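Tertiary structure, described
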Amino acid sequence: MGKRIHNFNPGPAALPLPVLEEIQGEFLDYKGSGMSITEVSHRSAWFEEVINDAKVRVKRLLGCGEDYEVLFIQGGASLQFSMVPMNLLPDDQVADYVNTGSWSAKAIKEAQILAKKVRVVASSEDRDFTYIPKNIDFNEDAAYVHITSNNTIRGTQWSRYPDTGTLPLVSDLSSDIMGRPMDLTSFGLIYAGAQKNLGPAGVTLVVIRRDMLDRVPDNLPTMLRYTTFSAKNSMFNTPPCFAIYVVQLVLKWLEETVGGLAKMEKINKEKAALIYNYLDKSDFYRGTADKEDRSMMNVTFRLAEQSLEQIFVEEALANDLGGLKGHRSVGGCRASLYNATVLEAVEALVSFMTDFERRYG
Ligand SMILES: *Cc1c(COP(=O)(O)O)cnc(C)c1O
């Protein structure tokens, strides 16, 4: 096997090594079928079991009951930016959106393209999206409230979700789904592109409360209706079989190897604390997000001497620490610490940062 590096990529991102090994081990002959999972029919018992097991595990991990449906959809989280308003926001109603960065802004823009009525009820744009807005007044007549749970680019995260009363919350959890336990009760719908915390690119997880399905209009194209996916076990047409299979293995790893989301959160907190504690006591590096709102998943930081940032990223890679360049829209550095990134990788990163500071500080 070739050498593997410590992977801090923002997405697609690290997958758990035991999962990659399991895929490798059964890739040519899936459970005695004599075929690869990439070669079997999606209508076969082999794949039916994969998708059904994945759904059961999603529900168990998120602690949601029969009133929620688990769907697998293509088109990425970006398609959900339009599917959500298409399906859940009638033309004569209004939805409240909170703008906490580029992904929120894209969700807002897609709703506007559809000529839907959107109110931006809070934004952190005034301080460059370095914090999460507090004490937001939501409108009583809102069809739903949309938030971005974790802001992958800016490194902020809702540590507690806003109280929206009876208004259904809709959230983009692309970069922190399954990173911690959550109470779905106030959520009408959550969605997440798989390629950050759940699996490979190519599939998006949607969990929708059943009553929200009643809102879906009949005049939408078949493949854009949530009801098509709920009625057909996400297999109206050929689903992204391989991506769903990997997601299933990641969910199994979360349950059986990690031991559930409370354990996962504990590990994630430990990883994030290691690097934040270092940033907090250094004058050489500077975290970019407000302390109380910073993300467990994406640690964004700058070097006091910004001209050193490129050297930092290059030298890090030469030391087998990959993916540390900040998003092209904001610059700087970013370490993405998704579930599959192990504590040892973060220890190696902090040790490199210490050494780099000693040499250049
Ligand atoms: C990466 C990301 C997206 C975009 O996901 P795609 O699956 O590429 O469309 C959307 N929202 C958030 C929060 C993300 O991190």
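Residues numbered from 1 in each chain as written. Predicted model: local features only at pLDDT ≥ 70, side-chain atom pairs only at ≥ 80, totals over all residues. Heavy atoms only, no water.

**Quick notes on the side chain of Glu 26**
Selection criterion: Helix and strand assignments come from DSSP, with helices taken as H or I runs of at least 4 residues and strands as E runs of at least 2, each series counted from the N terminus. Under the rule applied, a polar contact is a pair of N or O atoms within 3.5 Å (in protein, one hydrogen donor and one hydrogen acceptor; residues adjacent in sequence only if both atoms are side-chain atoms). Should any heavy atoms of two residues lie within 4.5 Å, those residues are considered in contact.
In this fold, Glu 26 is placed in the loop between helix H1 (17-25) and helix H2 (45-62). A polar contact is formed between the side chain of Glu 26 and the side chain of Tyr 245, at a distance of 2.7 Å. Not counting residues up to four positions away in its chain, the partners in contact with Glu 26 are Lys 31, Tyr 245 and Leu 249.

**Topic: unusual backbone geometry**
Quick note on the threshold: Categorising residues by exposure relies on relative accessible area from a 1.4 Å probe, with only protein chains included: less than 20% of the type maximum marks a residue as buried, more than 50% marks it as exposed, and the intermediate range marks it as partly exposed.
Put simply, Gly 11 and Pro 12 share a cis peptide bond, and its omega is -10°. Mapped onto the fold, Pro 12 is located in the loop between strand E1 (6-7) and H1. Unusually for a residue other than glycine, Asn 233 sits at a positive phi of about 55°. Along the chain, the position of Asn 233 falls in the loop between helix H6 (226-231) and helix H7 (241-258). Residue classification places Asn 233 among the buried positions, given a relative accessible area of 18%.

**Structural notes on the pattern of salt bridges**
Note the following rule: A pair is scored as a salt bridge if a Lys or Arg side-chain nitrogen falls within 4 Å of a carboxyl oxygen belonging to Asp or Glu.
Scanning the entire structure with this criterion turns up 25 salt bridges. Notably, a salt bridge pairs Arg 210 with Glu 66, separated by 3.9 Å at the nearest N-O pair. Linking Arg 210 in helix H5 (residues 210-213) with Glu 66 in the loop between H2 and strand E2 (68-73), this pair joins segments that are 144 residues apart in sequence. Take Arg 210: its relative accessible area is 33%, and that puts it in the partly exposed class. Linking Lys 291 and Asp 280 is a salt bridge whose minimum nitrogen-to-oxygen distance equals 3.7 Å. A residue pair is termed long-range when its members are at least 10 positions apart, and Lys 291 in the loop between strand E11 (285-287) and strand E12 (298-303) and Asp 280 in helix H8 (residues 261-281) qualify at eleven residues. Under the relative-accessibility criterion, Asp 280 is labelled partly exposed at 38%. Overlapping salt bridges, with partners in common, bring together Asp 53, Arg 57, Arg 60, Glu 255 and Glu 256 in one network.

**Some remarks on the packing of helix H3 (residues 76-88) against helix H4 (residues 102-113)**
Quick reminder of the rule: To obtain each axis, a line is fitted to C-alpha atoms, and for helices this fit is confined to the stretch in contact; angles are then taken between N-to-C directions over 0 to 180 degrees. Under this scheme an angle from 65 to 115 degrees is roughly perpendicular, one under 35 degrees roughly parallel, and one over 145 degrees roughly antiparallel; angles in between are oblique. Crossing handedness is defined as follows: a turn of the near helix away from the far one that is anticlockwise and smaller than a right angle gives a left-handed crossing, while the clockwise case is right-handed. Classes in brief: Ala, Val, Leu, Ile, Met, Phe, Trp, Tyr, Cys and Pro nonpolar; Asp, Glu, Lys and Arg charged; the others, Gly included, polar.
With their axes 8 Å apart at the nearest point, H3 and H4 run at an angle of 45° to one another. As far as their axial angle goes, H4 and H3 are oblique. Considering the relative orientation of H3 and H4, their crossing is right-handed. Of the residues in H4, those in contact with Phe 81, Ser 82 and Pro 85 of H3 are Trp 103, Lys 106, Ala 107, Glu 110 and Ala 111. Per-class residue counts for the contact of H3 with H4 are five nonpolar, one polar and two charged.

**A short note on the sheet that holds strand E3 (residues 94-99)**
Spelled out, the test is: A pair of strands counts as paired when DSSP detects no fewer than two bridges linking them.
Read from one edge to the other, the open sheet built from seven strands follows the order E2-E10-E9-E8-E5-E3-E4, with strand pairing classed as mixed. The sheet terminates laterally at E2 and strand E4 (117-123), the two strands that pair on one side only. Averaged over all adjacent pairs, the angle separating strand axes in this sheet is 20°, with direction ignored. Direction of pairing for strand E9 (residues 187-193) relative to strand E10 (residues 204-209): antiparallel, over a ladder of five bridges. In the strand pairing of E10, Gly 193 is matched with Thr 204. Each of E2, E9 and E10 is contacted by H2, which is oriented at about 130° to E2, the strand it contacts most.

**As for the domain arrangement of the chain**
How we decide: Domain start and stop positions are those given by an automatic or database domain assignment. Buried area is calculated as the accessible area (1.4 Å probe) missing from two parts once they are joined, with the contributions of both summed.
The assigned domain composition of the chain is domain 1 (18-258) and domain 2 (260-360). Summarising the inter-unit geometry, the C-alpha centres of domain 1 and domain 2 are found 27 Å apart. Contacts between the two partners involve 28 residues from domain 1 and, on the opposite side, 27 residues from domain 2. Of the roughly 2,200 Å² buried between domain 1 and domain 2, counting both surfaces, carbon and sulfur atoms make up 53%. If you look at where domain 1 meets domain 2, you find three salt bridges. In this structure, the salt-bridge partner of Arg 127 is Asp 290, at a minimum N-O distance of 3.0 Å.

**Structural notes on the site of the ligand**
Inclusion rule: Neighbouring residues are identified by heavy atoms, a residue being near a molecule or strand if any of them is within 4 Å of it. Methods summary: accessible areas were calculated by the Shrake-Rupley approach with a probe of 1.4 Å, and residue burial reflects only the protein chains presented.
Near the ligand lie 13 residues; those nearest to it are Ser 78, Thr 152, Asp 172, Gln 195 and Lys 196. Ser 78 has a polar side-chain atom sitting 2.6 Å from an oxygen atom of the ligand. Residue Lys 196 places a side-chain N or O atom 2.7 Å away from an oxygen atom belonging to the ligand. Computed on the free molecule, the ligand has an accessible area of 390 Å², of which 87% lies beneath the protein chains in the complex.

**Thoughts on the sheet that holds strand E14 (residues 333-336)**
Hydrogen bonding along the main chain pairs the strands of a sheet, whether they run parallel or antiparallel. The sheet built from three strands is open, its strands ordered E11-E12-E14 with antiparallel pairing. Since the sheet does not close on itself, it has two edges, and those belong to E11 and E14, each with one partner. Strand after strand, the sheet turns through a mean of 35° between neighbouring axes, direction not considered. Relative to E12, E11 is paired through three bridges, and the arrangement is antiparallel. Following the sheet pairing, Arg 286 is matched in E12 by Arg 302. The strands that H8 touches are E11, E12 and E14; relative to E12, the one it contacts most, it runs at about 25°.

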